[in-house]
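This is what each chain is made of:
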Amino acid sequence: MNAFDLTGRTILVTGASSGLGRQCAITISEYGGNVIITGRNKERLAETLRMLKKGDHQSITADLTDQNGISSLTDGLPKLNGVVYSIGVSDLSPARFITEETITKTFKISYEASVLLTSRLLGKKKLMNDACSLVFISSISTRYPFVGGAMYISAKAALEAYARVLALELAPKGIRSNCISPAFVKTPMLDETAENYSQEAVKKIEERQVLGLGEPEDVANTVVFFLSDASKWITATNLILGGG
Ligand SMILES: NC(=O)c1ccc[n+]([C@@H]2O[C@H](COP(=O)([O-])OP(=O)(O)OC[C@H]3O[C@@H](n4cnc5c(N)ncnc54)[C@H](OP(=O)(O)O)[C@@H]3O)[C@@H](O)[C@H]2O)c1
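Residues numbered from 1 in each chain as written. Predicted model: local features only at pLDDT ≥ 70, side-chain atom pairs only at ≥ 80, totals over all residues.

Asker: Whenever I open this one, the overall build of the protein confuses me. Can you help?
Answerer: Across its full length, the protein carries eight helices and seven strands. For a compact globule of 244 residues, the expected C-alpha radius of gyration is about 18 Å, and the protein comes in at 17 Å, within 12% of that figure. Each principal axis of the C-alpha atoms in the protein carries an extent, and together these give about 45 × 40 × 40 Å. Evaluated residue by residue, the protein yields a buried proportion of 41% over its 244 residues. Taking the contacts inside the protein whose residues are at least 6 apart along the sequence as the reference set, 71% of them involve residues at least 24 apart. (Helix = DSSP H or I, 4+ residues; strand = E, 2+ residues; numbered from the N terminus. Rg over C-alpha atoms; globule rule 2.2 N^0.38 Å. Buried ≥ 20, exposed ≤ 12 C-beta atoms within 10 Å, placed from the backbone. Contact = placed C-beta atoms within 7 Å.)

Asker: Explanation requested: the sheet that holds strand E4 (residues 80–85) in the structure shown.
Answerer: Strand pairs in the sheet, formed through backbone hydrogen bonds, run parallel or antiparallel to each other. Here we have seven strands laid out as an open sheet, ordered E3-E2-E1-E4-E5-E6-E7, and parallel in their pairing. Either end of the sheet is taken by a strand with one partner, and the two such strands are strand E3 (58–61) and strand E7 (238–241). Taken pair by pair, the neighbouring strands of this sheet meet at an average axis angle of 15°, ignoring direction. Judged from the five bridges that link them, strand E5 (residues 128–137) and strand E6 (residues 176–182) form a sheet pairing that is parallel. Of the residues in E6, the one forming a bridge with valine 135 is asparagine 178. In this fold helix H1 (residues 19–30) packs onto strand E1 (10–13), strand E2 (34–39), E4 and E5, with an angle of close to 170° to the strand it touches most, E2. (Pairing = 2+ DSSP bridges. Axes fitted to C-alpha atoms, helices over the stretch in contact; angles between N-to-C directions.)

Asker: How should I be thinking about unusual backbone geometry in this particular structure?
Answerer: What you tend to see is this: most non-glycine residues have negative phi, and most peptide bonds are trans. With phi around 45°, lysine 126 is a residue other than glycine that occupies positive phi space. Positive phi, close to 65°, is recorded for alanine 236, a residue that is not glycine. Structurally, alanine 236 can be placed in the loop between helix H8 (216–227) and E7.

Asker: Sorry, what's going on with the site of the ligand here?
Answerer: As a structural note, the neighbourhood of the ligand is formed by 27 residues, with Gly15, Gly19, Gly39, Gly88 and Met189 the closest of them. Broken down by secondary-structure element, the contributors of at least two residues to the shell around the ligand are H1 and helix H6 (188–196). In terms of residue class, the shell around the ligand is built from twelve nonpolar, twelve polar and three charged. (Near = placed C-beta within 6 Å. Nonpolar A, V, L, I, M, F, W, Y, C, P; charged D, E, K, R; others polar.)

Asker: Before we go on, may I ask you to explain the pairing of E6 in this structure?
Answerer: Regular strands show a simple pattern: their side chains alternate between the two faces of the sheet. Here E6 lies mainly inside the structure; seven of its seven residues are buried. By the bridge criterion, four bridges tie E6 to E7 in an arrangement that is parallel. Along E7, the bridge assignment pairs proline 182 with leucine 241.

Asker: How should the nonpolar core be read in this particular structure?
Answerer: Soluble, globular proteins show a tendency: their nonpolar side chains are buried together. In terms of nonpolar packing, the biggest core is built from 55 residues, with Val13, Ala25, Val135 and Val223 touching the most fellow members. Sort the elements by how many residues they give to this core and helix H5 (residues 150–170) lands first, with seven residues. Those residues in contact with valine 223 that lie beyond four places of it in its chain are Cys24, Val84, Val135 and Ile180. (Core = buried A, V, L, I, M, F, W, Y, C linked by C-beta atoms within 7 Å.)

The structure is reproduced here in structure tokens:
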């Protein structure tokens, strides 16, 4: 038996219309999992759906910063064997420019949306199977911060703390909760960083990463590990990827 096999498992992937979430959905389907993909952009979500290996997949468009959006996602969901939380926004600004609006926007997308979605999944409908595995995509920046990242990094640090408590609360049900914390990966989010700062800044980041920039597959393969039985004795961890 292949401990990484996801055949017959149903996995929800947020942020699946782009970048890491998209690649996680593709790789999960390659390991035999059925994927429910979600994001806001209908066209890009449909593109992801076309990229999946054949299976019983579904695509649901939803804005997860809105309670109605969370309901429209969760109302028709089957029981889940795993959730990958890849929703996020990289809104960077030096500390002196942080406003109430910046805090609200970053925390709503990068923290609150995942927390409230989880409450709904655990709530009345009990949409998580026993032995469900939750994988939160945090960031290496909570260990190695960068200038301008105060809100992004604070929201990720809060998410890591939440994921650890969740691991303790859900362990009696056999549900596991782990974070993975990638260094910079080649995705649209990195292109945005290059646009907001400069190619030079991205080059400096690349030089600092001992193994260079990551590929989305590097993250997706690790996510498969955490979703699968290969990691069935691992919970409350935070695995750093690509950092030194
Ligand atoms: N790329 C990196 O180098 C890197 C490194 C470390 C950690 N991460 C983390 O990995 C995660 C994915 O990053 P990425 O590079 O794949 O970013 P990305 O390409 O910008 O994707 C972000 C995803 O979040 C979704 N999203 C944003 N706001 C949403 C909302 N209100 N409701 C529902 N979905 C929403 C987007 O959906 P729509 O586009 O459809 O709105 C998109 O699918 C993020 O949490 C990021 O912080 C990334």
